[in-house]
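# Residue-level structure breakdown
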Amino acid sequence: MDALYHRLLVADFPACYDFYRAVLPPLTGAAPVKGTPDGPYATWDLDGQAVLSLFDRSLLASAVGTAALPSEPAAGTTAAQDGSMLVFRVEDVGPALDLCLRHGGSPVAGPTDRPAWGPGLRTAHLRDPEGRLIELQSY
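Residues numbered from 1 in each chain as written. Predicted model: local features only at pLDDT ≥ 70, side-chain atom pairs only at ≥ 80, totals over all residues. Heavy atoms only, no water.

## Details of the sheet that holds strand β3 (residues 41–46)
Read across the sheet, 4 strands follow the order β1-β4-β3-β2 without closing on themselves; strand pairing throughout is mixed. Each edge of the open sheet carries a strand with a single partner, namely β1 (6–10) and β2 (31–34). Each neighbouring strand pair of the sheet contributes to a mean axis angle of 25°, computed without reference to strand direction. (Pairing = 2+ DSSP bridges. Helix = DSSP H or I, 4+ residues; strand = E, 2+ residues; numbered from the N terminus. Axes fitted to C-alpha atoms, helices over the stretch in contact; angles between N-to-C directions.)

## Here we look at the sheet that holds strand β7 (residues 122–127)
The mixed open sheet is built from 4 strands, whose spatial order is β5-β8-β7-β6. Sheet topology places β5 (85–89) and β6 (106–113) at the edges, where each strand pairs with a single neighbour. Adjacent strand axes in the sheet meet at a mean angle of 15° when their direction is disregarded. For β5 and strand β8 (residues 133–138), the ladder comprises 5 bridges, and the chain directions are parallel. By the bridge assignment for β8, L86 is matched with I134.

Written out as structure tokens, the structure is:
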């Protein structure tokens, strides 16, 4: 039984599927167990436990009665701070960041030592193909 895992609701399922299929195995050891680039659902497990799943955003919106709402903030509204972030602990932040960027990620902040955040902590930040914030960290 999976006690806790991340489910991302995605509009561009093929791009997100390809991104996570490429980066999850080398970053976390998680393997794809369900799904295809066609969607609407995919999941990656590590040692029999879900690490991440993707689900088609429009299908869930229909199921929970929010399909009439905009998928993005309406014109004239201000952007909000990120409400979530995926964090991957990796052996070396630089190569992990390069891997993500090669597969459709967008850079936010390159590898940086963060001693104020923790002894020996080094991070890099990027966004996945739909703009979700990801932190790569090593220490």
